Amino acid sequence: MNVKNYIIFVCMIITMPVIAQDKSELTIYQVMQRVLDRYPSLKISEMEVAQSLEQRKQVESQLGWILNSSAGINHDLTGFGTPSDSLDINGEITRQLKSGSSLSLSGGYRYEDNSLSFSPSLPNPAHTTRLDLSYRIPLLQGENNPLYSQGLIEAELSHDLAKANQLLTHITLAEKVKDLYYATALTQARLDNAKESVQRAQKFKAYINKNIKIGLAEEKDRLQANAQLNSKLSDLSSIKLTWEKQKSSLNRLMLEDWDADIQPKLLNFKSFDQNLNTIIAITKNYHPAIKIADANLSLAESQINTARDTMKDNLDFVVSVGTRTSDGNNASGNSISEKDWAGAVRFEYRHLFDDQGVNAKLKQAQLQKNIALNEVQKISDDINYTVSGLISEIQAAKVAVASALDKLNSESLKLKEAVQRYRNGRADTDQVIQFQNDYSFSVLAYQSQRIGLNQRIIALDIFTGRFWSRLSLPPAEMGEMEAKQ
């Protein structure tokens, strides 16, 4: 490909994106909204939040009624060596109360037929029934039902943890989108700058060629102009490759076509809230890392309470009342029926001599609490430093943008003056080319500083949580919010 055709090809590259520029302009908020609407991995965190809601139902089910029952037929020898047939049916329904006490109702039926009657006063075959109502009160371990109350607390904390982790996933994704978006914006600025440099080099070369024809320029001037143009064309090709790669990566995050055109649009941040204490307070109230650390601390405290209860001895007070019946015919064929009530009051005690396991469990929970306390303090300090650092960077970046703009204006005037002197024969080709390069560098430096300022403000918004409230706003209102911020 000769130089002329190469220049035509590059010009086509330069002009093609301009056609769809207005249609593809996207702010960081619009890109992030598309990612949130379409990114498949976010569904996992949503399911984890839904899953955590089921834990409370599991804990609440501890207070539900539980039915135990059994039935069976038996043929065996009695203590006297005589055959006996029997049928047993038993059932019990139990429920634990919030107080830790438990209530149970049990009953049973037994049919027994002995081949030999041992007493004429006893029915054979015999039908016996029993019905008992029992109430158990824990006096030491299990008092006030800590497993249930702490279980509810842990279920709520589990849900809070799931929501915090979901938000943390969103923040991680937003950071990824931010970095890629502004890297793409910087590449776009480099691409636009390279295109403008090519156009200036083309115009300068055409001007020199014209002067050569009329004897006002030398061959060395033409060679310098050619070298300048080829250098800019080479830069443009390299930047174009980077642009295509980054554009494809950003489209992948948004689940757009890989070659869909993108035009990053910087927002005009005129001012922002610089009250450090206010921003830190807002961040600590919002940031999921703080919520996760607080939840882990509460979980450790809950586990300590549960472990302390486990270390107690079992001492239960049980009271029961019931009825008994026995019916049947004796050996003489007479019907016998006996009924009476039954009652009992008792204490049940259990002591665990080997308490190494429960002591170790308590020690683990106490160590976990200390870890959580240190983690809370560490995250709090990290937030202080991060917010302070970002605000300081933003303030410095604003100064850098203003300085870069001043330098750009100076380089623009310097280039215009050099071109004018060159036309009047008072400047050489090297100087004009150098001033063109200086101007291109200043343009790119200014755009880089603007992008850096945008990126730092968005980083602060993501870190403090203000970023999410603006996603659903149209671009015009976003700009208004930034102006009022």
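Numbering of residues begins from 1 in every chain and follows the order in which that chain's sequence is written. Side-chain atom pairs in this predicted model are given and counted only at pLDDT of 80 or more, local residue features only at pLDDT of at least 70, and totals for whole chains, interfaces and linings cover all residues. To get the side-chain values, take all heavy atoms of the structure and skip hydrogens and water.

Engineer: Would you mind showing me how to read the confidence of the model for the chain here?
Structural biologist: Close reading of the predicted structure is inappropriate where its pLDDT is low. In predicted models, pLDDT denotes the confidence assigned by the predictor to each residue on a 0 to 100 scale. For the chain, per-residue confidence averages 84 on the pLDDT scale, and 89% of positions sit at 70 or higher. Secondary structure elements are taken from DSSP: a helix is a run of H or I of four residues or more, a strand is a run of E of two residues or more, and numbering for both begins at the N terminus. In the model of the chain, helix α1 (residues 3-15) stands out as the element of lowest mean pLDDT, 39, in contrast to strand β5 (residues 126-138), which has the highest, 92. Contact criterion: two residues are considered in contact whenever any of their non-hydrogen atoms come within 4.5 Å of each other. This model gives residues 473-485 a pLDDT under 50, and the stretch forms 23 contacts once residues within four places in sequence are excluded.

Engineer: Looking at this structure, how should I read the packing of aromatic side chains?
Structural biologist: The description of an aromatic ring pair rests on the distance of the ring centres and on the angle between the ring planes. Between 30 and 60 degrees the pair is tilted, below 30 it is stacked and above 60 it is edge-to-face, where a pair is any two Phe, Tyr or Trp rings, Trp via its six-membered ring, whose centres lie within 6.5 Å. One pass over the structure, following the stated rule, counts 6 aromatic pairs. Through successive ring pairs, a cluster of aromatic residues spans Tyr29, Phe467 and Trp468. In this structure, Lys414 is placed above the aromatic ring of Phe435, and the distance from its NZ or CZ to the ring centre is 4.5 Å. Put simply, a charge is over a ring when the Lys NZ or the Arg CZ is close to the ring centre, within 6 Å, and near the line of the ring normal, within 35 degrees.

Engineer: What is the right way to look at the pattern of salt bridges in this model?
Structural biologist: Salt bridge criterion: a side-chain nitrogen from Lys or Arg within 4 Å of a carboxyl oxygen from Asp or Glu. Applying the stated criterion to the full structure yields 26 salt bridges. The salt bridge partner of Glu112 is Arg110, with a shortest N-O separation of 3.7 Å. When the shortest N-O distance is used, the salt bridge between Arg421 and Glu417 registers 2.6 Å. Of this pair, Arg421 and Glu417 are both found in helix α9 (residues 356-423), 4 residues apart, which corresponds to roughly one turn of the helix. We call a residue buried when its accessible area falls under 20% of the maximum for its residue type, exposed when it is over 50%, and partly exposed in between, using a 1.4 Å probe and counting protein chains only. On the accessibility criterion, Arg421 (14% relative accessible area) is buried. A single network of salt bridges, built from pairs that share partners, joins Arg136, Asp316, Arg346 and Glu348.

Engineer: Help me out: how do you make sense of the nonpolar core in this one?
Structural biologist: Within soluble globular proteins, side chains that are nonpolar generally end up buried alongside one another. Formed by 57 residues in total, the largest nonpolar core has its most connected members in Met32, Phe467 and Trp468. At the level of elements, α3 (28-38), α5 (146-213), α6 (219-254), α7 (276-286), α8 (288-310), α9 and α10 (429-464) are the ones that each hand at least two residues to this core. When residues no more than four places from it in sequence are discounted, the contact partners of Trp468 are Met32, Leu36, Leu167, His170, Ile171, Ala174, Tyr286 and Ile462. Put simply, a nonpolar core is a bunch of buried Ala, Val, Leu, Ile, Met, Phe, Trp, Tyr and Cys residues held in one set by side-chain atoms that sit within 4.5 Å of each other. Core analysis: the next-biggest nonpolar cluster, separate from the first, contains 9 residues, Leu191, Ala194, Leu233 and Leu236 among them.

Engineer: Sorry if this is basic, but what is going on with the pairing of strand β3 (residues 83-96) here?
Structural biologist: The side chains of a regular strand alternate, residue by residue, between the two faces of the sheet. Any two strands between which DSSP finds at least two bridges are classified as paired. As paired elements, strand β2 (residues 66-77) and β3 share 12 bridges and run antiparallel to each other. Among the inter-strand pairings, Asn68 is bridged to a residue of β3, identified as Glu92. In this structure, the hairpin formed by β3 and strand β4 (residues 102-114) is closed by a connection of 5 residues, where Gly100 is found at a positive phi of approximately 105°.

Engineer: Explain the sheet that holds strand β8 (residues 335-350) here, please?
Structural biologist: The 6 strands lie next to each other as β2-β3-β4-β5-β7-β8, forming an open sheet whose pairing is antiparallel. The open sheet has two free edges, formed respectively by β2 and β8, since each of these has just one partner strand. The mean angle between the axes of side-by-side strands here comes to 15°, regardless of whether they run parallel or antiparallel. Two elements, β5 and strand β7 (residues 314-329), share 13 bridges in a ladder whose sense is antiparallel. Residue Thr129 lies in a different strand from β7, and its bridge partner there is Thr325. An axis is simply a line fitted to the C-alpha atoms; with a helix, the fit covers only the stretch in contact. Between two such axes, the angle follows the N-to-C directions and lies from 0 to 180 degrees.

Engineer: Before we go on, may I ask you to explain unusual backbone geometry in this structure?
Structural biologist: With glycine set apart, most residues show a phi of negative sign, and most peptide bonds adopt trans. Its identity is not glycine, yet Asn145 carries a phi of approximately 55°, on the positive side. Phi is positive for Leu255, close to 60°, though the residue is something other than glycine. The residue Leu255 is located in the loop between α6 and β6 (263-264) in this model.

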